[in-house]
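# Coordinate inspection notes
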Amino acid sequence: MCGMTAKKLSSKDYDFINDDHLLGMLLRQRPDAVRIREIIAKSLAKEPLTVEETAALVMTEQPELVEEIFAAARHLKQQVYGNRIVLFAPLYIGNNCVNDCTYCSFKRSNKEMQRRTLTPHEVREQVVALENKGHKRLILVFGEDRRYDPRFIADTVRAVYATRSGRGEIRRVNINAAPLDHEGYATIKEAGIGTYQIFQETYHHRTYAQVHPANTRKGDYLYRLHGLSRAFEAGLDDVGLGVLFGLYDWRFEVLGLVSHALHLQHHYGVGPHTISFPRLRPAHGVEVDPRHLVDDFDFKRIIAILRLAVPYAGLILTARENPEVRRALMAFGVSQIDAGSRIELGGYTEVGDAQVMEREQFCLGDIRSLDEVMAELMEDGYLPSFCTSCYRSGRTGEHFMEFSIPGFIKEFCTPNALLTLQEYLEDYASPGTRTVGEALVAQELGKLEDGDFKKTLCGRLADIRKKKSRDSYF
Ligand code: SAM
Ligand code: SF4
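Turning to the overall build of the protein, a few remarks are in order. Within the protein, the regular secondary structure consists of 20 helices and eleven strands. Against the compact-globule benchmark of 23 Å for 474 residues, the protein has a radius of gyration of 22 Å, which places it among compact chains. Burial statistics for the protein: of 474 residues in total, 50% are counted as buried. Long-range contacts, defined as pairs at least 24 residues apart, comprise 79% of the intrachain contacts of the protein with a sequence gap of at least 6.

Moving on, we come to the confidence of the model for the protein. The share of residues in the protein with pLDDT of 70 or more is 98%, and the mean pLDDT across the chain is 94. Long-range and interchain partners of residues 1-5, a stretch whose pLDDT sits below 50, account for seven contacts in this model, where long-range means more than four residues apart.

The contact between helix H18 (residues 408-427) and helix H20 (residues 452-465) brings their axes to 9 Å, and the two run at 15 degrees. In terms of axis orientation, H18 runs roughly parallel to H20. Considering only the axes of H18 and H20, their crossing is right-handed. Residues Pro415, Leu418, Leu419, Gln422, Glu423 and Glu426 of H18 pack against Leu457, Arg460, Leu461, Ile464 and Arg465 of H20. Grouping the constituent residues of the contact of H18 with H20 by class yields six nonpolar, one polar and four charged.

Further remarks concern unusual backbone geometry. Phi at Lys46 is positive, roughly 70 degrees, even though this residue is not glycine. The phi angle at Asp471 is positive, at roughly 55 degrees, despite the residue not being glycine. Here Asp471 shows up in the segment after H20. Here Asp471 falls in the partly exposed class, since 15 other C-beta atoms lie within 10 Å of it.

On to the site of ligand 1. Near ligand 1 lie 21 residues; those nearest to it are Cys104, Leu244, Arg281, Ala283 and Phe362. Its residues assigned to classes, the shell around ligand 1 shows 14 nonpolar, three polar and four charged.

Let us now look at the domain arrangement of the protein. The extent of an interface is frequently quoted as the accessible surface area lost upon association of the parts. Its domain assignment divides the protein into domain 1 (4-12 + 82-402), domain 2 (20-76) and domain 3 (409-464). The gap between the C-alpha centroids of domain 2 and domain 3 is 38 Å.

Along the chain, Gly437 turns up in helix H19 (residues 431-447). Of the residues examined, Gly437 has 22 C-beta atoms within 10 Å and is grouped as buried. Between the C-alpha atom of Gly437 and that of Pro406, which follows or precedes it by 31 residues, the distance is 27 Å. Once residues lying within four places of it in the same chain are set aside, the contact partners of Gly437 are Met378, Leu421, Leu425 and Ala429.

Across its 14 residues, helix H12 (residues 296-309) extends 20 Å between first and last C-alpha, which sits within 8% of the 20 Å expected from 1.5 Å per residue. Taking burial as the measure, the 14 residues of H12 include eleven buried ones, the bulk of the element. Of all the residues in H12, the buried ones are Phe299, Lys300, Arg301, Ile302, Ile303, Ala304, Ile305, Leu306, Arg307, Leu308 and Ala309.

Here helix H5 (residues 120-133) is 14 residues long and its end C-alpha atoms lie 20 Å apart, about the 20 Å a rise of 1.5 Å per residue gives. Each element contacted by the buried residues of H5 is listed here: strand E1 (84-94), strand E2 (137-142), helix H6 (150-162), strand E3 (164-165), strand E4 (168-169) and helix H14 (347-350). Once H5 ends, the next one or two residues include Gly134, with phi positive near 115 degrees.

Moving on to the nonpolar core. If you look at the biggest cluster of nonpolar residues, it comprises 132 residues, and the most contacted ones within it are Leu138, Leu140, Ile305, Leu306 and Leu308. Setting aside its immediate chain neighbours within four residues, Leu138 contacts Phe88, Ala89, Leu91, Leu130, Val160, Ile170 and Val173.

So, on to the pairing of strand E9 (residues 314-317). Covered by surrounding structure in E9 are Gly314 and Ile316 together with Leu315 and Leu317, the residues of both alternating faces. Relative to E9, strand E8 (residues 274-276) runs parallel, the two sharing three bridges. If you follow Thr274 over to E9, its bridge partner there is Gly314. Following the backbone out of E8, through H12 and into the adjacent parallel E9, one traces a crossover that is right-handed. In the sheet, E9 pairs with strand E10 (residues 336-338) via two bridges, with the strands oriented parallel. Pairing of Ile316 across the sheet is with Gln336, part of E10. Taken together, E9, helix H13 (residues 323-329) and E10 constitute a β-α-β crossover, and its handedness is right-handed.

Counting buried positions along E2 yields six of six residues, so the element is predominantly enclosed. Residues Arg137, Ile139 and Val141 of E2 are buried on one face, and the alternating residues Leu138, Leu140 and Phe142, pointing to the opposite face, are buried as well. Taken together, E1, H5 and E2 constitute a β-α-β crossover, and its handedness is right-handed. Relative to strand E5 (residues 172-176), E2 runs parallel, the two sharing five bridges. Note on E5: the bridge partner recorded for Leu138 is Val173.

The geometry of helix H1 (residues 19-28) relative to helix H11 (residues 250-268) is characterised by a closest axis approach of 10 Å and an angle of 120 degrees between their N-to-C directions. Seen from above, H1 lies across H11 with right-handed handedness. Of the residues in H11, those in contact with Leu22, Leu23, Met25 and Leu26 of H1 are Arg251, Phe252, Leu255 and Gly256. Considered class by class, the residues forming the contact of H1 with H11 number six nonpolar, one polar and one charged.

We now examine the environment of Asp366. Looking at the secondary structure, you find Asp366 in the loop between H14 and helix H15 (370-379). With 22 C-beta atoms counted inside 10 Å, the residue Asp366 sits in the buried group. Placed 277 residues apart in sequence, Asp366 and Ala89 show a C-alpha to C-alpha distance of 12 Å. Aside from chain neighbours lying at most four places away, what touches Asp366 is Ala319, Glu321, Asn322, Pro323 and Arg326.

Criteria and thresholds
- Residues numbered from 1 in each chain as written.
- Chains lettered and ligands numbered in written order.
- Predicted model: local features only at pLDDT ≥ 70, side-chain atom pairs only at ≥ 80, totals over all residues.
- Helix = DSSP H or I, 4+ residues; strand = E, 2+ residues; numbered from the N terminus.
- Rg over C-alpha atoms; globule rule 2.2 N^0.38 Å.
- Buried ≥ 20, exposed ≤ 12 C-beta atoms within 10 Å, placed from the backbone.
- Contact = placed C-beta atoms within 7 Å.
- pLDDT = per-residue confidence, 0-100.
- Axes fitted to C-alpha atoms, helices over the stretch in contact; angles between N-to-C directions.
- Parallel < 35°, antiparallel > 145°, perpendicular 65-115°, else oblique.
- Left-handed = near helix turned anticlockwise from the far one by under 90°.
- Nonpolar A, V, L, I, M, F, W, Y, C, P; charged D, E, K, R; others polar.
- Near = placed C-beta within 6 Å.
- Domains from an automatic or database assignment.
- Expected span 1.5 Å × (residues − 1).
- Core = buried A, V, L, I, M, F, W, Y, C linked by C-beta atoms within 7 Å.
- Pairing = 2+ DSSP bridges.
- Right-handed = clockwise from strand over helix to strand, strands pointing away.

Take a look at the structure:
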C-alpha cells in the first residue's frame, strides 16, 4: 500500500495533466494548410511547440499535410543533428518486481517468470561480454523491488564503470528504474550516472489506473509524474521521458509528453534530455488489449511530431521494433538506438540466438548483432557514434548542446563520432564492417575544411589505427 503513504512529490507538486483539457484540445482542432505550415516553420526555427500547436499536428489527417510534417521532421533532423546516430545497449540487472503492470511480464502475478537478480560477478560478466562487442554506453534496467534500492543501483553503476576487458570500457551508464525520493537520486548521482529515465507509460489517468493496480507502488500516478522533477531537485541534470504506446490513444499521449517536457522546462529551466516511445510488444503472461495499438504509419507520425514539437530532445528508437521498421523510421528524427540487445537476465552470455520468453520482459523485434547494425547504418549513410564526451567533460545534455550551440556539431560531435567509430573499427569490427567504416571515415573527413583542426583530428585517428591511443575526445 505504499502508494497511500505520505510521499513527497516535488516542490511543484500539482497535477499538470488535465485529461479533459487535453482531449478537448484535440477535438477543437481544425488544422488547415496555413496553420500547419506556420507551426512547421516555428519548429524549423528551432522553437519548441506549445501543446496546442502539437495538437494541430496530431490531428492533421490530409495526406499532403502529413507528408509535409514528415518532410519537416526529416529536414530538422538533418539540419540540426546531421547523420550521427548514438548507439547503446540495455543491461537488465534484476526482474523482481512488486508491481503488477498488466502489460509487463515482470509483474508480480506472473508466477512463471524466472526471477533473478544478477550478482556483482554476473554483472561484470555481462559487462565484459558487452565491452567485447564494442559497446561504450549502457542503460541499466531494474524492476521495482526493495532490494533495488538507491545504494544497490549506485553500487551496480560503480561496478559497471570499474569493469574493463582488453581495450573495452563502459563510459556512460544511464538508468531506467522506478521513481525515487530526493535522497535516492542524490545517492545515485554520486555514482556518476548519465540519464535517469522514467516512462509515465500513459498520461491518461483512467487508463493509468486500469493498468497499474491501486495497491501497488506504481499505482500512484502523481508520484511517478513527479519522479523526474524530484530528480532535478536532487541535483540530477539529465532525465528521459517516455510513453508506452498502445495503452491509450497515441494522440493524447503525444500531448502528455509535450506537456511534461514544457513543465520541466518551465520549472527547472531544462527539458528532457531524451524521449522514448516504446510500442507495446507481446510478452509472456500478458494479454494485449488491441484497441490502442499503434500501426507503423501512425508510429512514424508520432516520431515526426515529437521531433518537431520538442526539437532539442534526443529521440530513442529501441530494438522492440523490427529491423525494417527501424531502418525506415530512423530518418524522421531518431538520435539514439540500441543494438546487439538482449533483455533476458544474463542474456549476453547465457542464451544463444533465440529469445527465451520466460526470462525476458517482452519480445524484441531486432536481435541483430551490434556489428550488423553498424554496417547497415553506415551503408545507409549514418555515422554511428559511441561518443560520451559531453557527459565526461561536464557538459550536460549532449543532445541539447548539439541543438543549441551553433557550430557544436562540427567542433565536437562529428569528430568525436569519428574517433569512437575508428576505435570500433580497429578493435571490434568484422572485416566487412571495417571496409564500409573506413570508407565512411574517409568520406566524412573529406567534408571537413582543411586546417589545424582537421590535422589534429587526422593525427588522432592515425594514433588509434596504430593502437597508440584510445578514448581520445574533443
Ligand atoms: N520497472 C521500472 C519501471 O517500470 O519504471 C523500470 C522500467 S521497465 C523494466 C522498462 C520499460 O519497459 C517500462 O517503463 C515500459 O514502458 C516498458 N515495457 C514494459 N512492458 C512492455 C511490453 N510488453 N512491451 C514493450 N515495452 C514494455
Ligand atoms: Fe515492474 Fe516496471 Fe514491469 Fe511494471 S513495467 S511490472 S514496474 S518491471
